[in-house]
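Residue-level listing of the chains:
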Amino acid sequence: MSDPFDLLIIGGGINGVGIARDAAGRGMKVALVEKDDLASHTSSASTKLVHGGLRYLEQFEFRLVAESLREREVLLRNAPHIIWPLRFVLPHEASMRPKWMLRIGMGLYDWLGGRKKLPGSRQVDLGVSPHRSILRDGYETGFEYSDCWVEDSRLVVLTAMDAAARGASIHTRTECVGLVRQTDQWLVTLRDESGERQVAARAVVNAAGPWVDQVAKTAMGQGTPAHLRLVKGSHIIVPRAYPGDHAYIFQQDDARIVFAIPYERDYTLIGTTDLLYEGDLDHVHISREERDYLRKAATKYFRSGVTEEDIVHTYAGVRPLYEDKAASNSTVTRDYVFELETEGGAPILSVYGGKITTYRKLAEHALDKLAPHANVSRKRWTADAPLPGGDMADSDFARFLWAASERYEWVPPEMLLRLARAYGTRLDALIGKAGSLADLGQHFGGDLYEVEVEYLIANEFALGAEDVLWRRSKLGLHLPAEAVQALQQWFAERELR
């Protein structure tokens with residue numbers, strides 16, 4: 001057995017890779033294991049927003065909202081290729097929250113965030129273009145505010161890339177099947193396609209998301225003192241429902257809200273639901289009731305409505321929330337919570353909750369929690385460290401794209417925009433010395449070429465067609481069936497070489 005790792009992290013979602021990156025950058029010897037692909041579950045099933053959580057103000061989650069809003073601009077600065085500003089329009093519904101409440105909420109949202117780059121909120125007239133032709137009659141006043149869009153699964157992958165570049169060992173399709181505690185370390189049994197092996201780690205982070213209690217039971221023979229509440233959120237994708245680059249936030253009769261967001265150029269993303277979940281965590285799917293709920297939520301506002309036949313794709317994920325059974329009436333928070341267990345030997349830290357927006361701060365706080373029990377440098381560093389591809393002058397994506405278009409005049413504009421958004425300043429490493437489309441290798445279909453697939457295998461931990469089509473990109477929405485089959489065949493033949 002090799003020398004022990006300082007830290008072994010279980011879970012390749014946003015929380016796990018964030019902790020791995022931060023710890024590796026502090027000089028720790030780090031390993032991360034994920035039983036599937038990176039971002040296979042909750043972290044690729046989000047509404048894909050970097051936001052403060054406007055609705056959390058009603059739940060008095062002020063610390064979470066303030067931290068989220070501050071992080072919004074940190075992430076926008078460090079990953080301007082996969083994160084960009086988005087304006088949201090909230091139509092006023094007279095039977096629900098009064099205008100004065102919405103004005104106060106928007107003002108508080110602006111104030112808590114300490115905005116530097118994003119414009120503030122304002123009242124808008126829904127009786128004029130573009131909203132008049134989009135929304136049903138009866139919606140006269142709205143409120144507009146700023147948040148950000150994020151390519152969620154790419155954020156996970158790029159964070160893992162940076163962790164690896166700083167020395168972390170990233171192992172996908174590798175499951176933790178055994179945890180034995182000793183006085184000063186854990187003996188960890190890992191299983192992958194080649195069989196089982198054992199490694200040692202001085203500390204373990206349980207960032208397994210919905211599986212957090214299962215991992216805790218593997219380690220300690222029982223769940224953590226916390227109580228896990230699993231909540232399913234589902235989304236539908238329909239053809240572009242309206243023109244414009246803005247999103248809508250729709251209030252519902254059950255006091256929830258539903259987003260409608262421009263998605264992948266040709267589509268509108270509508271979500272999310274919020275249901276207790278007790279099913280198979282490896283196979284989470286939207287239900288008929290959820291499809292109907294989201295369709296009706298959008299149809300209530302959109303003139304055009306949304307039919308079942310409009311739905312071209314769906315996805316669903318499970319969020320692991322923390323339920324404090326000790327509190328009166330039992331409370332559930334959307335904030336993240338840690339359970340540190342040190343009794344009987346080496347420490348294990350279990351992570352509950354969290355959201356994409358606060359993953360960097362969560363990582364810092366996780367290492368602070370471990371510091372008294374592990375060799376953790378106190379030096380924080382990630383706030384000013386761009387993610388791979390994000391090191392653009394002044395975080396100015398438009399300027400970067402313009403320069404790229406001059407270098408690669410032979411690349412079709414829509415293809416170049418997609419590649420620039422996905423890879424940022426790593427675009428040159430991907431294209432290499434190619435001087436024409438013919439130099440990019442096999443053409444699978446659409447704007448997917450062999451050179452990109454090879455890059456994803458070499459740099460972004462991709463191992464199969466689904467990794468490429470749904471987590472490193474969303475090309476699965478755009479490519480015809482024959483292109484998907486060609487890519488699958490390419491991977492199959494590659495395995496035989």
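See the structure printed just above.
Quick notes on the rules
- Residues numbered from 1 in each chain as written.
- Predicted model: local features only at pLDDT ≥ 70, side-chain atom pairs only at ≥ 80, totals over all residues.
- Heavy atoms only, no water.
- 1 Å grid on protein atoms, 1.4 Å probe; cavity = no way out; pocket = protein on both sides within 12 Å on 5 of 7 lines; lining within 4 Å.
- Points joined across faces, edges and corners; volume = space filled by probe spheres on them.
- Helix = DSSP H or I, 4+ residues; strand = E, 2+ residues; numbered from the N terminus.
- Pairing = 2+ DSSP bridges.
- Axes fitted to C-alpha atoms, helices over the stretch in contact; angles between N-to-C directions.
- Contact = heavy atoms within 4.5 Å.
- Core = buried A, V, L, I, M, F, W, Y, C linked by side-chain atoms within 4.5 Å.
- Buried < 20%, exposed > 50% of the residue type's maximum accessible area, 1.4 Å probe, protein only.
- Phe/Tyr/Trp six-rings, centres within 6.5 Å; stacked < 30°, edge-to-face > 60°.
- Lys NZ or Arg CZ within 6 Å of the ring centre and 35° of its normal.
- Polar contact = N/O pair within 3.5 Å; in protein donor to acceptor, adjacent residues only side chain to side chain.

Asker: Explain the layout of surface pockets residue by residue, including any values.
Answerer: A volume near 850 Å³ is recorded for the second largest pocket. Lining the second largest pocket are 28 residues, with W84, E151, E264, R265 and L417 sitting closest to its centre. Secondary structure elements with two or more residues in the lining of the second largest pocket: β4 (83-91), α5 (152-165), β14 (257-263) and α10 (413-423). Here the lining of the second largest pocket takes five residues from α10, the largest share from any one element.

Asker: So what about the sheet that holds strand β19 (residues 337-341)? Which residues, and what values?
Answerer: Taken together, six strands build an open sheet; the order of strands is β7-β2-β1-β11-β20-β19 and the sheet is mixed. Here the strands that pair on one side only, and so sit at the sheet edges, are β7 (169-171) and β19. Adjacent strand axes in the sheet meet at a mean angle of 15°, parallel and antiparallel pairs treated alike. Two elements, β19 and strand β20 (residues 348-352), share five bridges in a ladder whose sense is antiparallel. Pairing of E341 across the sheet is with I348, part of β20. Across the sheet, helix α6 (residues 212-220) touches β1 (7-10), β11 (204-206), β19 and β20, and the angle it forms with β20 is around 165°.

Asker: Please provide a residue-by-residue account of the sheet that holds strand β9 (residues 186-192), values included.
Answerer: Taken together, three strands build an open sheet; the order of strands is β8-β9-β10 and the sheet is antiparallel. Each edge of the open sheet carries a strand with a single partner, namely β8 (175-181) and β10 (195-201). The mean inter-strand angle of the sheet, taken between neighbouring strand axes irrespective of direction, is 20°. Direction of pairing for β9 relative to β10: antiparallel, over a ladder of seven bridges. Note that in β10 the partner of W186 across the bridge is A201. Sheet strands in contact with α6 are β8 and β9, and its direction is about 40° off that of β8.

Asker: An account of the nonpolar core is needed here, citing residue identities and associated values.
Answerer: Judged by nonpolar contacts, the single largest core of 85 residues is most densely connected at L7 and I19. Counting residues per element, this core draws most heavily on α5, which supplies seven residues. Apart from the residues within four sequence positions on either side, I19 is in contact with L7, I9, V205, V351, L362, A363, A366 and L367. In terms of nonpolar packing, the next biggest core, distinct from the first, is built from 52 residues, L64, L90, V258 and V306 among them.

Asker: Explain the packing of aromatic side chains residue by residue, including any values.
Answerer: This model, assessed by the stated rule, comprises 20 aromatic pairs. Taking 6.2 Å as the distance between ring centres and 90° as the angle between the ring planes, the aromatic pair formed by Y408 and W410 counts as edge-to-face. Here Y408 falls in the buried class, since its relative accessible area comes to 9%. Residue W410 is classed as partly exposed on the basis of its relative accessible area of 23%. Ring geometry for Y423 versus Y455: centroids 5.3 Å apart, planes at 80°, classification edge-to-face. One end of the pair, Y423, is in helix α10; the other, Y455, is in helix α12 (residues 450-459), with 32 residues separating them in the sequence. Y423 gets classed as buried once you look at its relative accessible area, which sits at 2%. An aromatic cluster is present here, built from Y139, Y242, Y248, F250, Y301 and F302 joined pairwise through their rings. In this structure, R63 is placed above the aromatic ring of Y336, and the distance from its NZ or CZ to the ring centre is 5.5 Å. For R421, the ring lying beneath its charged end belongs to F397, and the centroid distance is 3.8 Å.

Asker: Tell me about the side chain of T141, residues and numbers included.
Answerer: Considering the arrangement of structural elements, one finds T141 in strand β6 (residues 141-150). By relative accessible area, T141 is classed as buried at 12%. There is a polar contact of 3.4 Å between the side chain of T141 and the side chain of K99. Among all residues touching T141, those that are not within four sequence positions of it are L90, P91, H92, K99, Q123, V124 and L126.

Asker: Describe the pairing of β6, with residues and values.
Answerer: Counting buried residues along β6, 10 of its 10 residues qualify, which places the element largely inside the surrounding structure. Note that strand β3 (residues 49-50) and β6 share two bridges and pair antiparallel. Each bridged residue has a counterpart across the sheet, and for L49 the counterpart in β6 is W149. With nine bridges joining them, β4 and β6 adopt antiparallel strand pairing. Looking across to β6, one finds that L90 is bridged to F143. Pairing analysis gives four bridges linking strand β5 (residues 122-125) to β6, with the strands arranged antiparallel. In the strand pairing of β6, R122 is matched with E144.

Asker: Could you give me a rundown of α10, with the residues and numbers involved?
Answerer: Taken as a whole, α10 has its buried residues at M415, L416, R418, L419, A420, A422 and Y423. Of the surrounding secondary structure, the elements contacted by the buried residues of α10 are α5, α9 (397-407), α11 (427-431), β22 (448-449) and α12. Just downstream of α10, G424 is the residue with a positive phi angle, here 55°.

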